[in-house]
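Summary of structural features
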Protein chains: 2
Amino acid sequence: MKRNLNPIKGTKEYLPKESRMREFVRQKILEVYQKNGYQLISTPILEHLNLLEGSEGGDNLKMMFKTIKRGEKLNLKKENLSIDDITEEGLRYDLTVPLSRFYANNRESLICPFKAIQIDKSFRAEKPQLGRYREFTQCDIDVFGDKTHWSEIDLLITAFEAYAKLGFNSLIIKINDRRLINCIIKNAGFLDSQIQNVARIIDKLADLGFDGVIRELRQMNYEEAVIIKLVDKLKDVVNRGIDSVDGDAEVINNLKDTIDIVNGVVHSIIETVAIEENRKIDPSKFYIQFDITIVRGQGYYTGMVFEAYTDDGFLRAVGGGGRYDKMINKMIGIDVPAVGFSMGFDPITMLLMENDKIQFKRSLIALFYENEKMCDVLLAKQVLKQQYDVSIFKKPKNMKNFIDKLKQNGFSGFAFVDTLKINKL
Amino acid sequence: MKRNLNPIKGTKEYLPKESRMREFVRQKILEVYQKNGYQLISTPILEHLNLLEGSEGGDNLKMMFKTIKRGEKLNLKKENLSIDDITEEGLRYDLTVPLSRFYANNRESLICPFKAIQIDKSFRAEKPQLGRYREFTQCDIDVFGDKTHWSEIDLLITAFEAYAKLGFNSLIIKINDRRLINCIIKNAGFLDSQIQNVARIIDKLADLGFDGVIRELRQMNYEEAVIIKLVDKLKDVVNRGIDSVDGDAEVINNLKDTIDIVNGVVHSIIETVAIEENRKIDPSKFYIQFDITIVRGQGYYTGMVFEAYTDDGFLRAVGGGGRYDKMINKMIGIDVPAVGFSMGFDPITMLLMENDKIQFKRSLIALFYENEKMCDVLLAKQVLKQQYDVSIFKKPKNMKNFIDKLKQNGFSGFAFVDTLKINKL
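What you see is a predicted model; the values in this text were computed from it and never measured.

As for the overall build of chain A
Counting secondary structure elements, chain A contains 14 helices and 15 strands. Expressed as lengths along the three principal axes of its C-alpha atoms, the size of chain A is roughly 85 × 65 × 50 Å. Classification of the 425 residues of chain A by burial places 46% in the buried group. Sequence separation of 24 or more characterises 69% of the internal contacts of chain A that already satisfy a separation of 6 or more.

A look at the relation of the copies chain B and chain A
Overlaying chain B on chain A yields an RMSD of 0.1 Å, the required transformation being a rotation through 180 degrees with an accompanying axial translation of 0.0 Å. Given the turn and translation reported, the copies of this chain are related as if by a two-fold rotation axis. Considering only C-alpha atoms, the residue of chain B closest to the rotation axis is T67(B), which sits at 2.1 Å. Here 100% of the interface residues in chain B have copies in chain A that are interface residues too; the copies meet face to matching face.

Regarding the domain arrangement of chain A
Considered domain by domain, chain A is made up of domain 1 (16-355) and domain 2 (364-424). Between domain 1 of chain A and domain 2 of chain A, the C-alpha centre-to-centre distance is 46 Å.

Considering the environment of F168(B)
Residue and element names in this part refer to chain B. Among the structural elements, F168 can be located in the loop between α5 (150-165) and β7 (171-177). Note: C-alpha distance between F168 and L351 (183 residues apart in sequence) is 9.3 Å. Among all residues touching F168, those that are not within four sequence positions of it are Y163, T310 and D312.

Focus on the environment of G209(A)
Note that G209(A) resides in helix α8 (residues 205-219). The spacing of G209(A) and K174(A) is 35 residues in sequence and 17 Å in space, taken between C-alpha atoms.

Focus: the packing of helix α1 (residues 16-35) of chain B against α5(B)
The relative placement of two packed helices comes down to the angle between their axes together with the axis-to-axis distance. Residues and elements named next belong to chain B. Interaxial distance between α1 and α5 falls to 9 Å at its minimum, and their mutual angle equals 145 degrees. As for the relative orientation of α1 and α5, their crossing is right-handed in sense. Counting all contacts with α1, which are made through K28, I29, V32 and Y33, the residues of α5 involved are T158, E161, A162 and K165. A breakdown of the residues in the contact of α1 with α5 according to their chemical character gives 4 nonpolar, 1 polar and 3 charged.

Things to note about the sheet that holds strand β10 (residues 314-323) of chain A
All names here are of chain A. Read from one edge of the open sheet, 8 strands run β1-β5-β6-β11-β10-β9-β7-β8, paired in mixed fashion. Taken across any chain shown, the strands that pair with only one partner, and hence form the sheet edges, are β1 (39-40) and β8 (286-290). Pairing analysis gives 10 bridges linking strand β5 (residues 114-123) to strand β6 (residues 135-144), with the strands arranged antiparallel. By the bridge assignment for β6, F123 is matched with E135. Sheet strands in contact with helix α12 (residues 345-355) are β6, β10 and β11 (338-344), and its direction is about 35 degrees off that of β11.

About the thresholds
- Residues numbered from 1 in each chain as written.
- Chains lettered and ligands numbered in written order.
- Predicted model: local features only at pLDDT ≥ 70, side-chain atom pairs only at ≥ 80, totals over all residues.
- Helix = DSSP H or I, 4+ residues; strand = E, 2+ residues; numbered from the N terminus.
- Buried ≥ 20, exposed ≤ 12 C-beta atoms within 10 Å, placed from the backbone.
- Contact = placed C-beta atoms within 7 Å.
- Least-squares fit on C-alpha atoms with pLDDT ≥ 70 in both.
- Domains from an automatic or database assignment.
- Axes fitted to C-alpha atoms, helices over the stretch in contact; angles between N-to-C directions.
- Left-handed = near helix turned anticlockwise from the far one by under 90°.
- Nonpolar A, V, L, I, M, F, W, Y, C, P; charged D, E, K, R; others polar.
- Pairing = 2+ DSSP bridges.

Pasting the structure below:
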């Protein structure tokens, strides 16, 4: 009889107040993305295992959920049973890999460039920690089929608008280019085959600090001189900025151009949001800046990468993304340039819940009946529904307790069938 | 290099036009449910296996997706390996079982009765068929903690409003009570232990006809006289209606009362929707009626059961539900009455896509640029965004082809940066 009633370890269930906030976030983001010409699409959670496993997903591949074969396909008596013998599908670990399959599969009927919105769940068997779940929601926008940095600019401007619309009072997007960091790694003396792994370690710089990065590089038994040369160069770029990078001139120019144009336009975007939302916002707190330490974990990035941070009280990134021009090639043998930005749905909602400043359009009230007939109660409900969300309840014996519960659950008032007068909570 | 680019067998991906319709359906349903005082909540897709397996889910249990254990927990070298040895979690097969766990887990902080909305995905490894997918979306409303049939009435009225709001021009809800069908089965001479299975076969009546039901009952080797007595009684009730049922008087009276009150109020609900939506609707096409052949497959139903059908061109049910007063007891040893209604999200969307009559609030246009600067293009976009959803594109070489693609993908116009004049598609 005794059961574990909690949701599965690392997953989360959402009560009414938090669910209402999540729906608010969903609809706000969707509204901004759609206004900017992106189109909602959706792919299945269940995905081909070989696609996921061949996707350069970095550590995410180790954290993948896989389903077992069903019915006769599952033969547990086979000798030397391997994981492949018993697994059928994978649960996607992000929205990017399935989206790429989607694009490859449907490119004939889609516009080029194609601008996609996804708001869907992904799964990673991570160590559970605050604000990070094994089953989590991502909000992504991606552009397929445009190799110019205009797509980066359009994505980033759109992201700024979305965060402002949600009630954020600041957003700093840090931007880098994978080709610059790869170049720095190579110039320090690492081999081509080591670049991916070294980049993955630099990605942890914000958590580990330079000393931690050196430690991890030493653990990999890389040459000491090479490690020191790399870290010195990184420190140099952190101090002196983008002009101290020895990299491809076009890459550097595009990066600078992106930063200039985004910073040039973002103020007018934020000012428009301030008017639309009737809210004071300081546009100078929304900007983009170069940061050589932004790398992103996934191996599939090929160009610019970005991460979004806020001063509003959250230390980890609230979003990020980058360019991944080679992913589609692995599926159909044709290069299709692609770039995406992903908003962290769960941390964003958590942040808004803590600030608790959102005004919802309609308010929920309780309508109490006593000895009235059901049809009269329903007609009374019809009247109040024109203005409120109305939930009917039999008048409780302990009114005080009940009203406390109503408050706790997001109700903002109550009324009785006989008078229909609203009492605020 | 050659990959399968299709989504996994039995799953579906959604292109922009269909996704927009799905989002329309989601928001409309949510709006109606919230207006009626139901509150959105959400539970994880990953669920405790023992909970799912002990849930009387009928055939759904055979179609369950299960995940494999990860890391050291998975020992494939163990002798006499069983499925339990390799499985960790299940993917829920419906929203009702996780919701019951959710209610049991959170009942202290929730209002009683608690009225929940869920719009989420479930998974069943069914044989793929038109409009039925292995990964599918359900829209459920449920009431916990009220044993009176007022909850059924409130649920059903709310469901009628939701279908009308979505653009349906007819809805017939067929209603029955499990206790009546159980009584008929018992009176025919079946044993208590056979009732569940016989009910499951009667549930297929709409597909199999009476002859098919007799055939399946014979295959189970039930006594011929008992089978004939059952089918004769069912035919009698189909012909003569609810008054020919020998069942508990209170059960019958509550069922009649539910039908009377719903039919008494539904007209005014539909007329209100017609005004709100500025659409002609014939309220006489929305009604509820008794149907002894409505059983519902799941074993957990304990009282009234319902299924919704439409004349708008879809033969299978577009929704259904019922009362399940014993489910929570299995988790916490306390009876908590519960009743729910589930809308079929996928068939509803399919139906609306075919009819293609929905007017969306904002329309999507393409903004073409040629040699303008990016910041000028972005400012032009800002202007048009006040009224339209705006997607920027470099002016294509083959305008005619491109415009065909735009139409196909739900765009309704285009403009150029220099004039900003809208050309309709």
